[in-house]
Protein chains: 2
Amino acid sequence: MSSVRVIQVQENVFAKNDREADRIRRTMTDQGTFFVNVMSAPGSGKTTFLTALINSMKDRYRIGEMDVDIESSLDAQRVADLTGVESLQIHNCGLCHIDADMTARALAGYDTKDLDLLILENIGNLVCPAEFDTGAHKNVMLLSVPEGDDKPLKYPLMFQVSDLVLLTKIDTLDYFDFDFEKAEERILALNPRAQVLRVSALTGEGMNSVKSWFEAEIAAVKTLE
Amino acid sequence: MSSVRVIQVQENVFAKNDREADRIRRTMTDQGTFFVNVMSAPGSGKTTFLTALINSMKDRYRIGEMDVDIESSLDAQRVADLTGVESLQIHNCGLCHIDADMTARALAGYDTKDLDLLILENIGNLVCPAEFDTGAHKNVMLLSVPEGDDKPLKYPLMFQVSDLVLLTKIDTLDYFDFDFEKAEERILALNPRAQVLRVSALTGEGMNSVKSWFEAEIAAVKTLE
């Protein structure tokens, strides 16, 4: 009996979250802002990647960034310093994820209405963030070569909810045993609609394809505005 | 009012968990088994490290291993195949951590009473596992060079609850910007009693110091038996 009650509570929590997420997504669509949620394990290179991406796009697009961390403001500061865009640090009080309600509260203090692209850098965690719709139009996740090609087998939900999977730090391939074909096969078995791209933010390899994906998504939101 | 109620519920959950954890710890002490909980981010090399450690100690000690994963049985199988010790896979149904109650249920199906060393390989996550006492005598966490030396600033609780912090994959240092002194300083600022060791499971560098730490802990539990 008690486990059934727990499941019921969880369903209610998720239903409430999904309603709030839909509301955020509608607002973003109405104002013509492509809102993207970027997830990965700790140390996959989210901040380095996002800094490189923002710098390659900021002359053509108005970009904003929100950064979730438990305590520090390191990442938001790094993004702001290295790109010049406005970056908002969200402290999530020790929680392991960000949900739509937390996103809404952050957005209440951040004027995003003129932005073409709003990036949410989620907390480094391959489990919990995958469970909560943040209100983003699309989910992007990074899997770095040093982490290993078996991660889709071990954290399936993260790969199932991601629209774009970036295999990152490909410049370190000589140093690690990582099989791209196996990784891609495992990702597509979980999520046949996922797009998988290989990239190094350090050398720039693959960054043009990633940029094209973002440009197409920004254009797609503008057509719905 | 509602947030105060939530905190109260959490306190009760943790108090119940702590009682169960203490019960597990007493049982392990009484039977002379050193029980250790090993945590890290995904892809830090827990399984490779544990395989090397077990192989270097299995001639002298009776060792068991329990492996937590969301869905797959990859790691338990790998440990069993590469070391020959009995390894138990725990599927935690999509949760992001393991608590004392889950540990107790796993132990109910696993005869550990003749073991000198029982290793719990926790799920790859730097947030949630740090919040739950599993009943282990000591916590060990791995931070790999590719993840970066800023992780103690971003996931402080994990470093606060760890007795031994292993800086792993030191063979990849030429490839990454990782400052050992900074990492150690940050860890000790959070947790002055932590022991910090540098290790490569691949080359074997530093493994003797780690082995000595485990041997001393096994001996310490035997004196309490």
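Residues numbered from 1 in each chain as written. Chains lettered and ligands numbered in written order. Predicted model: local features only at pLDDT ≥ 70, side-chain atom pairs only at ≥ 80, totals over all residues. Heavy atoms only, no water.

## Side note on the overall build of chain A
Then comes step 1: Of the regular secondary structure elements, chain A holds 8 helices and 7 strands.
Then comes step 2: A compact globule built from 225 residues would reach a C-alpha radius of gyration of about 17 Å, and chain A, at 17 Å, matches this within 12%.
Then comes step 3: Overall, the C-alpha framework of chain A stretches about 50 × 45 × 35 Å when taken along its three principal axes.
Then comes step 4: Looking at the 225 residues of chain A, the share that counts as buried comes to 57%.
Then comes step 5: Charge separation in chain A, taken as the distance between the mean sites of 23 positive and 36 negative side-chain charges, equals 3 Å. (Helix = DSSP H or I, 4+ residues; strand = E, 2+ residues; numbered from the N terminus. Rg over C-alpha atoms; globule rule 2.2 N^0.38 Å. Buried < 20%, exposed > 50% of the residue type's maximum accessible area, 1.4 Å probe, protein only. Lys, Arg positive; Asp, Glu negative; His and termini not counted. Charge placed at Lys NZ, Arg CZ, Asp CG, Glu CD.)

## Brief notes about the relation of the copies chain B and chain A
Then comes step 1: For the pair chain B and chain A, the best superposition has an RMSD of 0.0 Å and corresponds to a rotation of 180 degrees with a translation of 0.0 Å parallel to the axis. The transformation relating the two chain copies, once decomposed into turn and shift, fits a two-fold axis. Of every C-alpha in chain B, the one belonging to asparagine 125 of chain B sits nearest the axis of rotation, 3.0 Å from it.
Then comes step 2: Same-surface contact between copies: 100% of interface residues of chain B are shared with the interface of chain A. (Least-squares fit on C-alpha atoms with pLDDT ≥ 70 in both. Contact = heavy atoms within 4.5 Å.)

## Focus: the pattern of salt bridges
Then comes step 1: Under the definition given, this model contains 28 salt bridges over all chains.
Then comes step 2: Between arginine 60 of chain A and glutamate 215 of chain A there is a salt bridge, with its nearest N and O atoms 3.6 Å apart. Of this pair, arginine 60 of chain A sits in the loop between helix H2 (46–57) and strand E2 (63–69) while glutamate 215 of chain A is found in helix H8 (residues 207–224), placing the two residues 155 residues apart along the sequence.
Then comes step 3: Since its relative accessible area comes to 22%, glutamate 215 of chain A is described here as partly exposed.
Then comes step 4: The residue lysine 113 of chain B makes a salt bridge to aspartate 111 of chain B at a minimum N-O spacing of 3.5 Å. (Salt bridge = Lys/Arg side-chain N within 4 Å of Asp/Glu carboxyl O.)

## Side note on the state of the cysteines
Residues and elements named next belong to chain A.
Then comes step 1: Inspection of every chain in the model, using the stated rule, returns 0 disulfides over all chains.
Then comes step 2: As a non-bridged cysteine, cysteine 96 has cysteine 128 as the owner of its nearest cysteine sulfur, 3.2 Å distant.
Then comes step 3: Residue classification places cysteine 96 among the buried positions, given a relative accessible area of 13%. (Disulfide = S-S within 2.5 Å.)

## Some remarks on the interface of chain B and chain A
Then comes step 1: On the side of chain A, 32 residues touch chain B, which itself brings 32 residues to the contact.
Then comes step 2: Roughly 2,600 Å² of surface becomes buried between chain B and chain A when both sides are summed, with 62% attributable to carbon and sulfur atoms.
Then comes step 3: Three residues stand out in chain B for area buried against chain A, namely Pro42, Lys154 and Tyr175 of chain B, and they jointly supply 24% of the buried area on that side.
Then comes step 4: The tally of links from chain B across to chain A stands at 2 salt bridges.
Then comes step 5: A salt bridge links lysine 154 of chain A to aspartate 75 of chain B; its shortest N-O distance comes to 2.6 Å.
Then comes step 6: At the boundary of chain B and chain A, one finds 8 residue pairs in polar contact (both at pLDDT 80 or more).
Then comes step 7: Listed by contribution, the elements that provide at least two residues to the side of chain B that touches chain A are helix H3 (74–83) and helix H5 (151–154) of chain B.
Then comes step 8: Considering each element in turn, the side of chain B that touches chain A owes the most residues, 3 residues, to H5 of chain B.
Then comes step 9: Among the residues making up the side of chain B that touches chain A, the classes are represented as 16 nonpolar, 6 polar and 10 charged. (Buried area = accessible area lost by both parts, 1.4 Å probe. Polar contact = N/O pair within 3.5 Å; in protein donor to acceptor, adjacent residues only side chain to side chain. Nonpolar A, V, L, I, M, F, W, Y, C, P; charged D, E, K, R; others polar.)

## Some thoughts on the packing of aromatic side chains
Note on aromatic pairs: each is described by the distance of the centres and the angle between the planes.
Residue and element names in this part refer to chain B.
Then comes step 1: Evaluated as defined, the whole model comprises 12 aromatic pairs over all chains.
Then comes step 2: Ring plane angle 70 degrees and centroid distance 6.3 Å describe the contact between phenylalanine 34 and phenylalanine 214, whose orientation is recorded as edge-to-face. Highlighted residues: phenylalanine 34 in strand E1 (residues 34–40) and phenylalanine 214 in helix H8 (residues 207–224), separated in sequence by 180 residues.
Then comes step 3: Looking at phenylalanine 214, the relative accessible area reads 0%, which means it is buried. (Phe/Tyr/Trp six-rings, centres within 6.5 Å; stacked < 30°, edge-to-face > 60°.)

## Some words on unusual backbone geometry
Then comes step 1: Located in the positive-phi region is lysine 169 of chain A, a residue other than glycine, with phi close to 55 degrees.
Then comes step 2: With respect to the secondary-structure elements, lysine 169 of chain A resides in the loop between strand E6 (164–168) and helix H7 (180–190).

## Describing the nonpolar core
Then comes step 1: Core analysis: the biggest nonpolar cluster contains 50 residues, and Leu167 of chain A together with Leu167 of chain B have the highest contact counts within it.
Then comes step 2: Only strand E5 (138–144), helix H6 (156–160), E6 and H7 of chain A together with strand E5 (138–144), helix H6 (156–160), strand E6 (164–168) and helix H7 (180–190) of chain B provide two or more residues apiece to this core.
Then comes step 3: Non-local contacts of leucine 167 of chain B, meaning those with residues more than four positions away in its chain, are made with Leu143, Phe178, Phe180, Ala183, Glu184, Ile187, Val196, Leu197, Arg198 and Val199 of chain B. (Core = buried A, V, L, I, M, F, W, Y, C linked by side-chain atoms within 4.5 Å.)

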